[in-house]
Amino acid sequence: MKITIIGTGYVGLVTGTIFAEVGHDVTCLDINEDKIILLQSGKSPIYEPGLDMLLQNNIVNGRLCFTSQADEAFADSDVIFIAVGTPQEEDGSANLNYIHKAAEDIARHIKHNVIVVVKSTVPVGTNDYVEKIIRNHISSDIEVHVVSNPEFLREGHAIHDTMNGDRIIIGAEHKASGDVVEALYEKINVPILRTDRRSAEMIKYASNAFLAVKISYINQISNLCEKLGADIASVADGMGMDKRIGRAFLNAGLGYGGSCFPKDTRALSYLSKKNNVSMSIVEAAIEANTTQRQLFINKVVDHFNGNVTDKRVAVLGLAFKPNTDDVREAPSIDIITALVSSGAKVSAYDPVVKNIQVLDDCNVVYAQSKEICVENADAILLVTEWDEFFENEWLASVIQNKQIVLFDGRNMLNKNKEEILS
Ligand code: NAD
């Protein structure tokens with residue numbers, strides 16, 4: 001099968017590379033020419049473990065190529081995947097400008113029958129809208145069917161998840177087109193659920209919002225545990241042993257961030273308001289997530305008796321979670337911004353993220369290593385739980401030897417998040 005992927009971000013690039021790996025002929029299209037030049041040279045513009053090697057192998061074997069030219073990308077493709085961003089608007093709704101533009105690009109260039117697959121996370125009804133845009137602009141003798149195939153990969157585990165995910169969702173109104181999309185995944189041994197397009201779109205939002213609720217729930221339980229002297233790690237273990245609950249997503253800490261949960265929960269809330277349906281559980285989870293970051297900031301400030309002026313704060317971890325370079329909606333941004341605006345001096349270290357553009361006015365000193373980052377610090381904030389902070393008990397020994405207070409935002413070392421290990 002000849003596949004075209006529109007968008008070479010975290011989803012499009014991994015999807016395209018894996019499709020090439022399992023034998024399809026893949027062309028990835030992006031409007032960002034710098035990205036395309038980098039990709040053509042075999043380098044990934046994103047940090048995703050294992051991706052570089054797969055990328056290079058498939059470029060060399062001729063199954064994977066990159067272009068910024070739409071006519072070239074669409075010329076003889078059988079299936080076109082849309083994997084462009086759907087960021088958040090001011091009012092919480094999903095911004096569909098990139099989707100709209102991708103649909104128009106397809107309509108402008110397509111001269112033959114084609115199946116269009118929407119992989120981006122989109123509000124219910126968007127697949128219908130994409131099909132309408134394309135059909136309205138092409139001649140009536142060209143057959144186009146749109147299939148929904150939302151993506152569930154986790155950044156940092158994207159290759160593994162694409163090859164070994166829990167499910168592949170295919171929502172199609174035209175059965176034969178759904179069959180073609182299903183056949184693309186033949187060599188990937190993941191259970192497939194076939195459904196209609198609107199249900200497929202909703203499965204994605206409902207799943208992300210459910211996980212966000214689970215995180216906010218355990219964080220609120222954790223806050224109460226802290227007051228009452230219960231150990232949240234044991235509580236989560238005990239809860240997680242119940243198969244109906246499960247242990248995953250019960251790690252208390254700073255809450256969720258990243259490019260999906262924050263925007264998808266807000267988009268679901270927006271969609272429900274628009275349809276006069278209560279989504280109060282998800283809205284409470286969003287609020288709890290915001291509060292969780294503020295509670296952490298308050299703890300740091302309270303530790304210094306309300307005055308962090310000139311206090312040297314070492315922030316360990318900038319990415320929104322380990323094993324990715326994605327800083328969209330990362331807790332590190334809110335925490336650093338708040339502390340700097342209160343007068344603290346921040347040094348930060350992340351194994352992969354070397355600076356964050358939105359923090360340009362914050363005078364953050366980006367350290368070359370974790371050791372340099374914590375030198376002379378008055379407090380250490382563990383914000384992202386990268387493995388390297390725990391190798392050979394590095395972090396535990398730093399706070400023990402230097403007697404520095406640790407604010408353990410990921411609940412990795414301490415029962416009570418804030419204490420000097422001794
Ligand atoms: P991204 O922002 O990393 O990448 C999007 C890419 O699309 C960019 O490179 C951009 O230049 C390109 N693009 C935009 N318009 C284009 C056009 N008309 N033609 C060609 N290229 C175009 O986005 P992402 O994180 O990969 O997410 C993509 C979608 O997948 C979103 O809807 C997101 O919610 C969803 N999703 C993301 C993840 C994740 O972990 N990142 C997981 C599941 C689902």
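Our structure's up above, just so we're on the same page.
Predicted model only: the values in this text are computed from it and were never measured. (Residues numbered from 1 in each chain as written. Predicted model: local features only at pLDDT ≥ 70, side-chain atom pairs only at ≥ 80, totals over all residues. Heavy atoms only, no water.)

Colleague: A description of the nonpolar core should follow, citing residues and the corresponding values.
Modeller: Counting 48 residues, the largest nonpolar core has Val315, Leu316, Ile335, Ile336, Leu339, Ile380 and Leu381 as its most contacted members. Elements that contribute at least two residues to this core include exactly helix H12 (280–303), strand S9 (312–316), helix H13 (331–341), strand S10 (345–349), helix H14 (370–374), strand S12 (379–382), helix H15 (394–402) and strand S13 (405–408). With five residues, the single largest contributor to this core is H13. Sequence-distant contacts of Leu339, defined by excluding residues within four places in its chain, comprise Ile297, Val300, Val301, Val308, Val313, Ala344 and Leu381. If you look at the next biggest cluster of nonpolar residues, it comprises 36 residues, including Val22, Val26, Phe66 and Tyr185. (Core = buried A, V, L, I, M, F, W, Y, C linked by side-chain atoms within 4.5 Å. Buried < 20%, exposed > 50% of the residue type's maximum accessible area, 1.4 Å probe, protein only. Helix = DSSP H or I, 4+ residues; strand = E, 2+ residues; numbered from the N terminus. Contact = heavy atoms within 4.5 Å.)

Colleague: Break down the site of the ligand for me, citing the residues and quoting the values.
Modeller: Near the ligand there are 28 residues, and of these Asp30, Lys35, Thr86, Glu155 and Lys263 occur at the shortest range. Note that an oxygen atom of the ligand is positioned 2.9 Å from one of the backbone N or O atoms of Thr121. Notes on the ligand: free accessible area 840 Å², of which the protein chains cover 91%. Mapped by element, the contributors of at least two residues to the shell around the ligand are helix H1 (10–21) and helix H5 (97–109). If you tally residues by element for the shell around the ligand, the top one is H5, at three residues. In terms of residue class, the shell around the ligand is built from 10 nonpolar, nine polar and nine charged. Taken together, domain 1 (2–195) and domain 2 (197–280) each give at least three residues to the shell around the ligand, which thus spans both. (Near = heavy atom within 4 Å. Polar contact = N/O pair within 3.5 Å; in protein donor to acceptor, adjacent residues only side chain to side chain. Areas by Shrake-Rupley, 256 points an atom, 1.4 Å probe, with all protein chains shown as cover. Nonpolar A, V, L, I, M, F, W, Y, C, P; charged D, E, K, R; others polar. Domains from an automatic or database assignment.)

Colleague: Mind laying out the environment of Val11, listing which residues take part and the relevant values?
Modeller: If you trace the backbone, Val11 turns up in helix H1. The exposure class of Val11 is partly exposed, given its relative accessible area of 24%. Ignoring anything within four residues of it in the chain, the contact list for Val11 reads Ala83, Lys119, Glu151 and Leu153.

Colleague: Go over the pattern of salt bridges, please, and point to the residues and values.
Modeller: Following the criterion strictly, the structure yields 27 salt bridges and no others. Across the pair Glu226 and Lys299 runs a salt bridge whose closest N-O atoms are separated by 2.6 Å. Here Glu226, found in helix H9 (residues 197–228), pairs with Lys299, found in helix H12; they are 73 residues apart in sequence, far enough to count as distant. Residue classification places Glu226 among the partly exposed residues on the basis of a relative accessible area of 27%. Close ionic contact of Arg266 with Glu329 constitutes a salt bridge, the shortest N to O distance being 3.3 Å. On the criterion of sequence distance, the pair formed by Arg266 in helix H11 (residues 261–274) and Glu329 in the loop between S9 and H13 is long-range, its members being 63 residues apart. Since its relative accessible area comes to 25%, Arg266 is described here as partly exposed. Since its relative accessible area comes to 33%, Glu329 is described here as partly exposed. Among the charged side chains, a salt-bridge network with shared partners connects Asp128, Glu131, Arg135, Glu173, Arg197 and Arg198. (Salt bridge = Lys/Arg side-chain N within 4 Å of Asp/Glu carboxyl O.)

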